[in-house]
Amino acid sequence: MSKLSASRILSNPAYRRLIKQRDTLAWTLTICVLVLYFGFVLMVAFAPQILTQPISDTSVIPLGMLVGVGVILASIVLTGIYVNQANNRFDPIIEEIMRDATK
Amino acid sequence: MKTTSKSILALVASAALLAAGTAVADGAPAPAPAEPPLNLHAIVMFVIFVAITLGITYWAAKRTKTAADFYAAGRGITGLQNGMAIAGDYMSAASFLGIAALVYMNGFYGLIYSVGWLVGWPIILFLIAERLRNLGKFTYADVASFRLQQGPVRTMAAIGSLIVVIWYLIGQAVGAGQLLHTLVPQISYQISIVIVGGLIIIYVTFGGMKATTWVQIIKAGLLLGGATLMALGVMSHEGFSFEKLFADAVAAHPKHIQIMQSVVPIGAKANPIESISLGLTLMFGTAGLPHILMRFFTVTDAKAARKSVLYGTCFIGYFYILTFIIGFGAIVLVANNPEYVADLSKSVLALKGGGSMPAVYLSHAIGGDFFLGFIAAVAFATILAVVSGLTLAGASALSHDIYASVIKKGKSTEAEEVWVSKLCVVGLGIIAILLGIAFEKQNVAYIVALTFSIAACANFPILVLSVFWRGLTTRGAVAGGYVGIFGSIGLLIIGPTVWTKVMGMGPAIFPYDFPTFFVLPAVLIVAYVVSVTDKSASGQAERDAFEAQEIRSETGLGAEMAATH
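The numbers attached to residues start from 1 for each chain and follow its sequence in the written order. Each chain gets a letter, beginning with A, and each ligand a number, beginning with 1, in the order they are written. Totals for whole chains, interfaces and linings use all residues, but because this is a predicted model, local features are given only for residues with pLDDT of at least 70 and pairs of side-chain atoms are given and counted only at 80 or more.

Novice: I'm lost on the overall build of chain A in this one. Help?
Specialist: By definition, any uninterrupted DSSP run of H or I lasting at least four residues is a helix, any uninterrupted run of E lasting at least two residues is a strand, and each is numbered from the N terminus. A tally of regular secondary structure across chain A gives four helices and zero strands. Tracing chain A from N to C terminus, the helices and strands come up as α-α-α-α. With the radius of gyration taken over C-alpha atoms, the globule rule is written as 2.2 Å times the number of residues to the power 0.38. Scaling as 2.2 N^0.38, a compact globule of 103 residues should have a C-alpha radius of gyration of about 13 Å, whereas chain A reaches 21 Å, well beyond that. Taken along the three principal axes of its C-alpha coordinates, chain A extends 70 × 25 × 20 Å. Burial status across chain A gives 29% buried among its 103 residues. Any residue whose C-beta has 12 or fewer other C-beta atoms within 10 Å is treated as exposed, any with 20 or more as buried, and any in between as partly exposed, C-beta atoms being built from the backbone.

Novice: Got a minute to help me understand the overall build of chain B in this structure?
Specialist: Across its full length, chain B holds 23 helices and zero strands. Relative to the globule expectation of 24 Å for 565 residues, the C-alpha radius of gyration of chain B, 23 Å, shows essentially globular dimensions. Seen through its principal axes, chain B has C-alpha atoms that stretch 75 × 50 × 45 Å. Taken over 565 residues, chain B has a buried fraction of 65%. Each residue gets a C-beta atom placed from its backbone, and two residues are in contact if those atoms lie within 7 Å. Residue pairs in contact within chain B that sit at least 24 positions apart in sequence constitute 83% of those at least 6 positions apart.

Novice: What is the right way to look at the packing of helix 6 (residues 110-118) of chain B against helix 15 (residues 302-333) of chain B in this model?
Specialist: A pair of packed helices is characterised by two quantities: the angle between their axes and the separation of those axes. Residues and elements named next belong to chain B. Interhelical geometry of helix 6 versus helix 15 gives an angle of 170 degrees and a closest axis separation of 10 Å. Between helix 6 and helix 15, the angle falls in the class roughly antiparallel. Contacts between helix 6 and helix 15 involve Gly 110, Leu 111, Ser 114, Trp 117 and Leu 118 from the first element and Ile 316, Gly 317, Tyr 320, Thr 323, Phe 324 and Gly 327 from the second. Angles shown run from 0 to 180 degrees and are taken between the N-to-C directions of axes, each axis being a line fitted to C-alpha atoms and, for helices, limited to the stretch in contact. By definition in this entry, angles of less than 35 degrees are roughly parallel, angles greater than 145 are roughly antiparallel, angles of 65 to 115 are roughly perpendicular, and the rest are oblique.

Novice: Help me understand the nonpolar core in this model?
Specialist: Across soluble globular proteins, you tend to see nonpolar side chains buried next to one another. Think of a nonpolar core as buried Ala, Val, Leu, Ile, Met, Phe, Trp, Tyr and Cys residues chained together by C-beta atoms that fall within 7 Å. The biggest cluster of nonpolar side chains holds 230 residues, and the ones touching the most others in it are Ile 326 and Phe 380 of chain B. In this structure, Ile 326 of chain B is in contact with Ala 100, Ala 227, Met 230, Ala 231, Val 234, Ala 359 and Leu 362 of chain B, ignoring residues within four places of it in sequence. One finds Tyr 15, Ile 94 and Ala 101 of chain A together with Leu 557 of chain B within the second-largest nonpolar core, a separate group that totals seven residues.

Novice: For this particular structure, what's the right way to read the interface of chain B and chain A?
Specialist: Where the parts come together, the accessible area they lose is often given as the size of the interface. Taken together, the contacts link 44 residues of chain B with 43 residues of chain A. In terms of residue count, helix 15 of chain B provides more of the side of chain B that touches chain A than any other element does, 10 residues in total. Any residue outside Ala, Val, Leu, Ile, Met, Phe, Trp, Tyr, Cys, Pro, Asp, Glu, Lys and Arg is labelled polar, Gly included; the first ten of those are nonpolar and the last four are charged. Split into classes, the residues belonging to the side of chain B that touches chain A amount to 30 nonpolar, seven polar and seven charged.

Novice: How should the confidence of the model for chain B be read in this particular structure?
Specialist: Residue and element names in this part refer to chain B. On average, residues of chain B score 89 in pLDDT, and 93% of them reach the 70 mark or higher. A residue's pLDDT is simply how confident the predictor is in it, with values from 0 to 100. Helix 21 (residues 516-532) holds the highest mean pLDDT among the elements of chain B, 98, whereas helix 1 (residues 10-20) holds the lowest, 38. Confidence over residues 1-34 falls short of pLDDT 50; this stretch has 105 contacts with residues more than four positions distant or in other chains. Of the two predicted TM-score estimates for the complex, the pTM is 0.90 and the ipTM is 0.94.

Novice: Help me out: how do you make sense of the packing of helix 9 (residues 150-183) of chain B against helix 17 (residues 414-438) of chain B in this one?
Specialist: Residues and elements named next belong to chain B. One can describe the packing of helix 9 onto helix 17 by two numbers: an axis separation of 8 Å at closest approach and a directional angle of 60 degrees. Read as a crossing pair, helix 9 and helix 17 show a hand that is right-handed. Residue-level contacts link Ile 166, Leu 169, Ile 170, Ala 173, Val 174 and Gly 177 of helix 9 to Ile 431, Ala 432, Ile 433, Leu 435 and Gly 436 of helix 17. Taken together, the residues of the contact of helix 9 with helix 17 sort by class into nine nonpolar, two polar and no charged. By definition, turning the near helix anticlockwise from the far helix through less than a right angle yields a left-handed crossing, and turning it clockwise yields a right-handed one.

Novice: I tried to follow the environment of Tyr 512 of chain B on my own but got confused; where do I start?
Specialist: Residues and elements named next belong to chain B. Relative to the elements of secondary structure, Tyr 512 occurs in the loop between helix 20 (496-502) and helix 21. In this structure Tyr 512 comes out as buried when scored by C-beta crowding, with 21 C-beta atoms within 10 Å. Counting along the chain gives 295 residues from Tyr 512 to Ile 217, while the straight-line C-alpha distance between them is 37 Å. The contacts of Tyr 512, once residues within four sequence positions are left out, are Ile 273, Glu 274, Ser 277 and Gly 495.

Novice: Explain the environment of Ala 268 of chain B here, please?
Specialist: Inspection of the secondary structure puts Ala 268 of chain B in the loop between helix 12 (258-261) and helix 13 (272-286). Through-space distance from the C-alpha of Ala 268 of chain B to that of Gly 288 of chain B is 29 Å; in sequence the pair is 20 residues apart.

Novice: Please explain helix 15 of chain B as it appears in this structure.
Specialist: Residues spaced three or four apart along an α-helix face the same direction, because each turn holds 3.6 residues. If you check helix 15 of chain B, its first and last C-alpha atoms are 46 Å apart, about what 32 residues at 1.5 Å a residue would give, namely 46 Å. Burial analysis of helix 15 of chain B places 28 of its 32 residues in the buried class, which makes it a mostly covered element. A helix is expected to span 1.5 Å multiplied by its residue count minus one.

Novice: Sorry, what's going on with the environment of Gly 151 of chain B here?
Specialist: When you line up the elements, Gly 151 of chain B lands in helix 9. When the C-alpha positions of Gly 151 of chain B and Thr 474 of chain B are compared, they lie 9.8 Å apart, and in sequence the two are 323 residues distant.

Novice: Would you mind going over helix 17 of chain B with me for this structure?
Specialist: Residues and elements named next belong to chain B. Here helix 17 spans 35 Å end to end across 25 residues, near enough to the 36 Å set by a 1.5 Å rise per residue. Buried residues of helix 17: Glu 417, Val 418, Val 420, Ser 421, Cys 424, Val 425, Leu 428, Gly 429, Ala 432, Ile 433 and Gly 436, and no others. As for helix 17, its buried residues are in contact with helix 3 (67-72), helix 9, helix 10 (189-237) and helix 16 (358-407).

Written as structure tokens, this is what we have:
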């Protein structure tokens, strides 16, 4: 990497803004996954009776089964949100910063 | 499938064992008929799969010229292809046969594993995937050591990688030997392992990452297709009603409604610390497996790296939901069935051939000998694909990190490095064969905990700290990394699985199977304290180099380009 383009990138306010926005998104989504998953794990550890109660009087299906499948589906959705934002919103800004830096 | 004398897949059984904390009934050779029938369906399908993959290897070999071709498939893999390959690399026989077996024995509890093994993927995407692609060349140590001292950091990372790879290989080799020998009794356990080891050496030395990737893609397609058919078979038997499936399972299982109401293995005591430690291990371990991280160097750019995680997560999540249906289907269709159960008068659950057979027998219950042969071939393909990825990851740690960077200090040529790498592949293949044979009768129940703990406690935290924390210095990374590696190994040795069950030394000194709950915080604290107290000039230079690393990590400026040919 040439020193010149690196210093140009650093002096570009759009670069700092981008890093901040993208890292905020990445860490927010990370925290979402951690909260969802460790919410599930802590219920397993400390309040299993919530997970093991049936979803209705006539059903044998425990609530935890829906919660578990829900965590899997939510993980996929959050993954999709990040990819969509990074590829469609942030990548064009990066390309622009790179064009400016290597002009 | 008349004779089954051994447990298939010790690794898989071990996942169940580990979790269940009870011995799975197996090992005792059942009296075998003199002339077992040849399992033609399985053999024909093995042979077709092997022929196709050898054809691909031939094709890939002609296109593998540079080091980037060999380690990273020329960086020309698309997002969708890599997503499939990720799924093929990650969905091991442990997750296919193992989760189905866990659900078969314990019901709802198996879902905790499915969830834990999936949630590492979003973390990989948000924090690691594109930064690996932007910063690294061939191994995750490239990234961890990007602005740190090459020698000590790469040595630590390579040790972590190799321990994970070799133990993972042992588990897979033992599993492959037992699977092939169980399904085709005419082939002995030793010959089975030699066949697997030989195939892997051919795939990887000649075809490199290109052949490995396509073996993984084909295997993922077969496994997803096979699991879908099995789940459809179960659901059609149950009139496409989940309520009926679960109600029938509760009726068929000897523990009845308990299979819906236990969040620990049935019969085990609730143990909050162990539950949390298991959760941490599964999630962060996934994000630190060297053969998984290596896949991100094969794609064209950061955009493709991201897309590949999305595709991979969809495939893996879908697959884990299927294994759950398959496990409950096995309770309904396999348990209580004298064709599959070893001795109905003793237990309606314990199967001929051991603890990991439920999914295999379910395929027979649904589709007869033909479908059983297909699923057996898929399970075999699964092991081959995972072992290929592991072998390549291990060889790259030895050749790229240890040989080229530590010993030759970056002065070796690419051709030399690839040549060393191929020697390492042959060496690792032979080691896998020998250890696979040596471990035939060993209790390998600790392998999942060992490999995932080291990945979660050493590889993952050091990687994340080096990318995100300016303050990390070489001393901090190395100290933290070794605490992760040796802390995990030490606590596992004095833990219940190894101390009590494998070595028979009486009550365990450390009462938990998964050490991550204690080791991971220790790693973070050590890496932090050692880094901030590092007043050396080199430490300061490493902090100053963070900004340049961050530009490349975030924008891909200067990242390794895709090959043009």
